[in-house]
Amino acid sequence: MCGIVAYIGKKDAYEIVVKGLKRLEYRGYDSAGVALLTDGNLNLYKKQGKVANLEEFTKDKDKSGRVGIGHTRWATHGEPNDVNAHPHMSNNGEIALIHNGIIENYDSIKRELLTKGYTFQSETDTEVLTILVEDIKKNTNGTYAESLRLALQQVVGAYAIVMISKENPRQLIAARKSSPLVVGIGKDGDFFCASDATPIVEYTKKVVYLDDEEIAVLDLDDGLKLYSIDDVQKTPYIQELEIKLESLEKGGYDHFMLKEIHEQPRSITDCFRGRLNAEEAWVSLGGIKEYEQKMIDAKRIIMIACGTSWHAALVGEYLFEDLARINVEVEYASEFRYRNPIINEDDIVIAISQSGETADTLAALELAKSKGATILGICNVVGSSISRITDAGSYTHAGPEIGVASTKAFTAQVTVLTLMALSLAKKKGSISDTKFRTMLSELEIIPQKVQEILDINDKIKTISAEYKDATNALYLGRGSSFPVALEGALKLKEISYIHAEGYPAAEMKHGPIALIDEEMPVFVIATQGPSYEKVVSNIQEVKARKGKLIAIVTEGDEQVKEIADHVIEIPEADEHLIPLLATIPFQLLSYHIAVMRNCNVDQPRNLAKSVTVE
Ligand code: M6R
């Protein structure tokens, strides 16, 4: 939540910062702002709404300067308006600061600063931090970099910060704790900072991911210097970025979400590339290899995640238990971390996260680590916080996911979980050779099957038109299709604002069935498999109450066709792989319905892609 960008060097800072903010807009779009240092002046421009509003507002303003910071906000403290937008300035007008995170003890600090006569324009915790830095500087007479370091020793909470000062216009000062921050080292001695690497990759591939409680001083004369919050100098670890610029563009699609849905044949292939060979009958996840025996021996594996990633974990539970016969518990990270959970040293905790930055998931993982559990990660964003604190893990390799609604990240997570389950099952001997080979061959051709579903997009769009005005919807599934139903409901509600709920199909009669009438669309996964007949019975129950039935069925199905209002056929596949296919029509349905309702598909209201606050 919140995106921050900064630049210092020989280029025009405004252009770089604003372009970067557009790339980070998925992290929050309540307001945007920039601060530019030019000829001893600090120019500050802030506007409620999207970066486009800021651009409009700055049209006739002085945008010169080679030093700039910018922010796109997802509001936490204070409503989204111009005043609460970042950057924030000190009372003396000397410094400007951008912040992603929450300063939890801002209220007590503010009260003390008020007694000293400082004034506040906004309701934000960030302005409090900015003025605290000013106050420390006044009392210690040190540099602003030093004052920020001392201020950070006083604050409780999470932050990724960049600060500029009139005193030293050749310096950016950056710091992080629990919110992500990447420093880019430019080719011309210039520097970049951003919440993730997407605003940087166009200019340089050399980056340093800051660790918690690290402060980076980026000086045009002195280069990059890294310190701990306790003032111990550290050696920066410079990494090479692998992101391709094209992956950050819409590539001809109307929305990132649509592009990402259509990328899935490729992203799933990228996910298993080099990890699976059906002909030679092997599967191997290098990242977790040395932990596999521990996973097999573990009394239980706990999977923790939020949102869509939690749905992927539920699919993982089915896969691990059924194929590898390993006991799995799936937990919401936000509940797990505050529940005083019983965690043993022989527990394995796997965090699943697209961004690798979700605050609750990160905190839950830290808790598990502190209790001695082995912690593993399944992340998409390379170099993210979760991928760095875990003992080991596997990347999903889905490529950057920009649309707030997760699509290709989900299928990639499920693919990694399938590979893990198969690898563990093989090592443990809980799967027959024949079944193992069949599943590998089937998994290898899943991308083609996903493509076949994408090819019936027009049909799915036509069906979507019939339900675009619905106010409620139910999603039903059994077995590993139950998490797919949950995911289908989440996709619909988050981008089209239609209230939707996912249920295990058999649970319907314990309550939700009361909601069914002729207005209620019910989306059901009724593919061939062990629970097919049971689902057909549930479908009959819906029809008996005149619900509108949209069923996802296996190609050639005749029985459900007779009963349902619409069927969407998907290719036949092993039941364990159905989640990878059945989720695609739900993604497309949600997408089309949202577009038809004129919703902002890529940036739904109140949401942000990366939830770095709890
Ligand atoms: O980055 P993460 O996977 O940890 O994010 C968790 C959720 O915030 C996320 O999956 C969210 O539910 C999706 N964007 C919904 O589509």
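Cut-offs applied
- Residues numbered from 1 in each chain as written.
- Predicted model: local features only at pLDDT ≥ 70, side-chain atom pairs only at ≥ 80, totals over all residues.
- Heavy atoms only, no water.
- Domains from an automatic or database assignment.
- Contact = heavy atoms within 4.5 Å.
- Buried area = accessible area lost by both parts, 1.4 Å probe.
- Salt bridge = Lys/Arg side-chain N within 4 Å of Asp/Glu carboxyl O.
- Polar contact = N/O pair within 3.5 Å; in protein donor to acceptor, adjacent residues only side chain to side chain.
- Nonpolar A, V, L, I, M, F, W, Y, C, P; charged D, E, K, R; others polar.
- Phe/Tyr/Trp six-rings, centres within 6.5 Å; stacked < 30°, edge-to-face > 60°.
- Helix = DSSP H or I, 4+ residues; strand = E, 2+ residues; numbered from the N terminus.
- Buried < 20%, exposed > 50% of the residue type's maximum accessible area, 1.4 Å probe, protein only.
- Lys NZ or Arg CZ within 6 Å of the ring centre and 35° of its normal.
- Pairing = 2+ DSSP bridges.
- Axes fitted to C-alpha atoms, helices over the stretch in contact; angles between N-to-C directions.

Asker: Would you explain the domain arrangement of the protein chain in this entry?
Answerer: Often, the extent of an interface is quoted as the loss of accessible area upon association of its parts. Structurally, the protein chain comprises domain 1 (3-247), domain 2 (250-444) and domain 3 (454-607). Across the contact, five residues belong to domain 1 and six residues belong to domain 3. Summed over both sides, the interface of domain 1 with domain 3 buries roughly 450 Å², with 33% coming from carbon and sulfur. Area buried by domain 1 at its contact with domain 3 is led by Tyr 29, Lys 50 and Trp 74, which between them contribute 82% of it. For the interface between domain 1 and domain 3, the tally reads zero salt bridges. Summed over the shared surface of domain 1 and domain 3, the result is five residue pairs in polar contact (both at pLDDT 80 or more). For the side of domain 1 that touches domain 3, the class distribution of residues is three nonpolar, no polar and two charged.

Asker: How should the packing of aromatic side chains be read in this particular structure?
Answerer: Two aromatic rings, taken as a pair, are described by how far apart their centres are and by the angle between their planes. For the coordinates displayed, the defined rule picks out seven aromatic pairs. Taking 5.0 Å as the distance between ring centres and 50° as the angle between the ring planes, the aromatic pair formed by Tyr 7 and Phe 192 counts as tilted. Separated by 185 residues along the polypeptide, Tyr 7 in strand β1 (residues 3-8) and Phe 192 in strand β10 (residues 191-194) bring together distant segments of the chain. Between Phe 523 and Phe 586 the ring centres are 6.3 Å apart and the planes differ by 85°, which places this aromatic pair in the edge-to-face class. Of this pair, Phe 523 sits in strand β25 (residues 521-526) while Phe 586 sits in helix α20 (residues 578-596), and the two are 63 residues apart along the sequence. Note on accessibility: Phe 523 and Phe 586 belong to one class, buried. Ring-pair connections join several aromatic residues into one group, and the members of that group are Tyr 467, Tyr 475, Phe 523 and Phe 586. Positioned over the ring face of Phe 57 is Lys 61, at 4.4 Å from the centre of the ring. Over the aromatic face of Tyr 14 sits the side chain of Lys 63, whose NZ or CZ is 5.5 Å from the ring centroid.

Asker: Just checking my understanding: could you explain the sheet that holds strand β15 (residues 239-240) for this structure?
Answerer: Pairing between sheet strands relies on hydrogen bonds along the backbone, with the strands arranged either parallel or antiparallel. Reading across the sheet, the eight strands line up as β3-β2-β4-β1-β10-β9-β11-β15 and stay open at both edges, with antiparallel pairing between neighbours. With one partner strand each, in any of the chains shown, β3 (41-48) and β15 form the two edges of the open sheet. In terms of strand pairing, strand β11 (residues 206-209) meets β15 through two bridges, oriented antiparallel. If you follow Lys 206 over to β15, its bridge partner there is Glu 240. Lying on the sheet, helix α1 (residues 13-24) is in contact with β1, β2 (31-38), β4 (67-73) and β10; it crosses β1 at an angle near 160°. Helix α2 (residues 51-58) rests against β2 and β3 of the sheet, and its axis sits at about 130° to β3.

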